[in-house]
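Here's the letter readout for the chains.
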Amino acid sequence: MIPFSVVVLLLCATPPPTPSVALPFEQEGFLDFGKRIDVEGLMMMMNDEEEGSAVEEYYKPEYYKPEQPTCPFGCQCNQKVVQCSDLGLHYVPYDVPPETRLLDLQSNQITEIREDDFKGLSNLYALVLVNNKISRVHLRAFMPLRRMQKLYFSHNQLTAVPKNLPSSLVELRIHDNHIKKVAAGDFSGLGSMNCIDGRNPIQNSGLELGAFDGLKRTFLRISEAKLTGIPKDLPEGLHELLLDQNQIQAIELEDLRQYEGLHRSGQVGLQEGPVLPKNLRELHLENNRIPNVPGGLLIYVMFFKQVVYLHSNNISQVDMNDFCPEGFGVKKTYYNGISLFDNPINYWEVEPATFRCVSNRMAVQFGNHKK
C-alpha cells in the first residue's frame with residue numbers, strides 16, 4: 001500500500017508540466033483472472049501460516065495410517081500437497097490422503113462435485129478446481145472441509161454460488177462462470193471471508209436483497225458483468241470494491257457513502273459528482289468514456305493522499321481547480337499520482353497551478369494519445 005503522507009508541491013515560477021517518461025502507475029492488488037493458479041505460491045502461503053504459533057493441530061481421522069501412504073494414480077503427492085492437474089480427470093479421485101492440505105485439481109474434465117468427493121479431508125487448507133467443466137455441486141459436498149480457507153472455482157460452468165461453504169473460508173474466487181444470480185443467504189455464516197471475486201454475467205436485478213448478509217470486511221470485485229449501477233445492500237464493512245468494465249454511467253449520492261471503510265473503488269463511468277467514502281485512497285475511472293475530470297467527485301475525497309486513474313478516457317482539457325478546488329470550507333486533497341495518459345489533452349495548454357496539490361511533478365502522467 002502506498003504510504004500516505006502530506007507533501008504540498010510549491011509551483012511558484014514552475015514551468016508547464018511535461019509528459020512523464022515514467023511507466024504508468026502500477027495497479028496493484030487486482031486478482032488474476034487467468035486459468036492457472038500458482039500452486040507454488042499457494043504452498044508458500046500455506047507454509048507461512050502453518051509456522052504461526054496459533055495454528056491448530058491437524059485432526060487425524062481414526063482410519064489414518066501414516067505407515068501406508070496413498071496417492072491417487074497419476075498424481076504427485078509430497079508434504080501434504082496433492083497435485084492432480086492436467087490429467088483429464090472426470091471425477092475427484094477417491095483415494096486422496098486424509099492429511100492433504102492442498103489439493104490441486106485444475107485443468108481437468110470434472111463436470112460435477114459429488115457428496116463424498118471430499119470425505120475425510122477435514123485438514124484441507126486450499127482446494128483448486130479452476131478450469132474444469134463443473135456445473136453441479138452437491139449440497140453437502142463441502143461440509144467435511146471445516147478448515148478450508150481458500151477455494152478456487154474459476155473458469156467453470158456454475159450457474160449459482162455453491163451452497164454450504166465452510167465457515168472457515170477466507171477467499172473465494174469464482175470468476176468466469178455462468179452465474180447470473182446471487183441469492184439471499186448465499187454467503188451466510190462466512191464472517192471470516194474477506195475476498196470474493198467474480199467475472200460473471202450478473203445484472204443488478206440478479207443480486208437479491210440480503211445476498212451479502214453475513215460478510216464483514218471484504219474485498220469484492222464484480223468485473224465485466226452487466227451492472228448498470230452500484231449494487232445495493234453490499235457488506236457494511238466493505239474494504240475494496242472494484243466494478244471495472246461494467247455498464248455504469250453514474251453513481252447516486254448515497255451509493256457509496258454508507259461504506260465508511262472503503263479504500264478503493266474501481267473503474268466506473270461517472271458523469272456527475274457523487275460523494276465517495278472519506279477513506280478512499282485509490283480511485284479507478286480508467287477505460288471509460290468520461291469527457292472531463294469529475295471535479296465534484298474529488299472535492300469529497302480529502303483525508304488521505306490519493307492516486308487517481310483517469311487514463312484512456314475522452315478528457316480533452318483539465319481546468320486549474322479540477323484536482324485542487326478552491327473555496328470557503330473546501331478541504332484540499334493531496335495526490336501521490338494522477339494518471340491522464342491516452343486522453344486527447346494538449347498538455348502544454350494546462351496551467352502549472354493545476355497540479356499544486358500533487359506531491360511531485362513527475363507523478364502527473366500525460367503520455368501520448370492514440371488517435
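Residues numbered from 1 in each chain as written. Predicted model: local features only at pLDDT ≥ 70, side-chain atom pairs only at ≥ 80, totals over all residues. Heavy atoms only, no water.

**Q** Explain unusual backbone geometry residue by residue, including any values.
**A** Of note, the phi angle at K80 is positive, near 70°, even though the residue is not glycine. Locating K80 in the fold gives a position in the loop between β1 (76–78) and β2 (81–83). Even without being a glycine, S312 presents a positive backbone phi close to 60°. Residue position: S312 is located in the loop between β14 (306–309) and β15 (335–339). On the basis of relative accessibility, which here comes to 15%, the residue S312 falls in the buried class. (Helix = DSSP H or I, 4+ residues; strand = E, 2+ residues; numbered from the N terminus. Buried < 20%, exposed > 50% of the residue type's maximum accessible area, 1.4 Å probe, protein only.)

**Q** Tell me what's going on with the state of the cysteines, and back it up with residues and numbers.
**A** Each disulfide consists of one covalent bond between the sulfur atoms belonging to two cysteines. In total, this model carries 3 disulfides according to the counting rule given. Here C71 is linked by a disulfide to C77, with a sulfur-sulfur distance of 2.0 Å. In this structure, the disulfide formed by C71 and C77 twists by about 85° around the S-S bond and is classed as right-handed. C71 gets classed as partly exposed once you look at its relative accessible area, which sits at 31%. (Disulfide = S-S within 2.5 Å.)

**Q** Give me the lowdown on the UniProt feature "domain: LRRNT" (unreviewed entry) in the chain, citing residues and values where you can.
**A** What UniProt calls "domain: LRRNT" (unreviewed entry) maps, in this numbering, to residues 70–102. The span residues 70–102 carries 0% helix and 21% strand; its end-to-end C-alpha distance comes to 15 Å. (UniProt positions renumbered as here; feature names shortened; annotations may be inferred.)

**Q** Pulling in residues and values, what's your account of the pattern of salt bridges?
**A** Pairing between side chains of opposite charge can happen when the charged atoms of each approach one another. Following the criterion strictly, the structure yields 8 salt bridges and no others. For the salt bridge of R136 with E112, the shortest nitrogen-to-oxygen distance reads 3.7 Å. In this pair, R136 is assigned in strand β6 (residues 136–137) and E112 in strand β4 (residues 112–113), connecting sequence segments 24 residues apart. With its nearest N and O atoms 3.0 Å apart, the salt bridge here joins R114 to D117. Within this structure, K150, E171 and R173 form a network of salt bridges that share partners. (Salt bridge = Lys/Arg side-chain N within 4 Å of Asp/Glu carboxyl O.)

**Q** Could you give me a rundown of empty space enclosed by the protein, with the residues and numbers involved?
**A** Going through the model one piece at a time under the given rule, you end up with 3 cavities of 30 Å³ or more. Put simply, the largest cavity is a space of about 130 Å³. Surrounding the largest cavity, 15 residues form its lining, I174, V182, I196, D197 and I202 being those nearest its centre. Of all the secondary structure elements, the ones that give two or more residues to the lining of the largest cavity are β9 (195–198) and β10 (219–222). When its residues are assigned to classes, the lining of the largest cavity shows 11 nonpolar, 2 polar and 2 charged. (1 Å grid on protein atoms, 1.4 Å probe; cavity = no way out; pocket = protein on both sides within 12 Å on 5 of 7 lines; lining within 4 Å. Points joined across faces, edges and corners; volume = space filled by probe spheres on them. Nonpolar A, V, L, I, M, F, W, Y, C, P; charged D, E, K, R; others polar.)

**Q** Explain the packing of aromatic side chains to me, and be specific about the residues and the numbers.
**A** Describing an aromatic ring pair means giving the distance of the ring centres and the angle of the ring planes. This model, assessed by the stated rule, comprises 8 aromatic pairs. Ring geometry for F142 versus F153: centroids 6.2 Å apart, planes at 85°, classification edge-to-face. Within this pair, whereas F142 is found in the loop between β6 and β7 (150–152), its partner F153 is found in the loop between β7 and β8 (171–173), the two being separated by 11 residues in sequence. Take F142: its relative accessible area is 1%, and that puts it in the buried class. With relative accessibility at 0%, the residue F153 sits in the buried group. With centroids separated by 6.0 Å and ring planes inclined at 75°, the aromatic side chains of F355 and F366 adopt a geometry described as edge-to-face. In this pair, F355 is assigned in the loop between β15 and β16 (364–365) and F366 in the segment after β16, connecting sequence segments 11 residues apart. Relative accessible area serves as the criterion here: at 4%, F355 is assigned to the buried category. Taking the relative accessible area as the measure of exposure, F366 reaches 3% and is therefore buried. (Phe/Tyr/Trp six-rings, centres within 6.5 Å; stacked < 30°, edge-to-face > 60°.)

**Q** Any chance you could break down the side chain of D186 for me, citing the residues and the numbers?
**A** Relative to the helices and strands, D186 resides in the loop between β8 and β9. On the basis of relative accessibility, which here comes to 9%, the residue D186 falls in the buried class. A polar contact is formed between the side chain of D186 and the side chain of K163, at a distance of 2.8 Å. Looking at D186, its side chain comes within polar contact range of the main-chain nitrogen of A183, at 2.9 Å. In contact with D186, not counting residues within four places along its chain, are V161, K163 and A211. (Polar contact = N/O pair within 3.5 Å; in protein donor to acceptor, adjacent residues only side chain to side chain. Contact = heavy atoms within 4.5 Å.)

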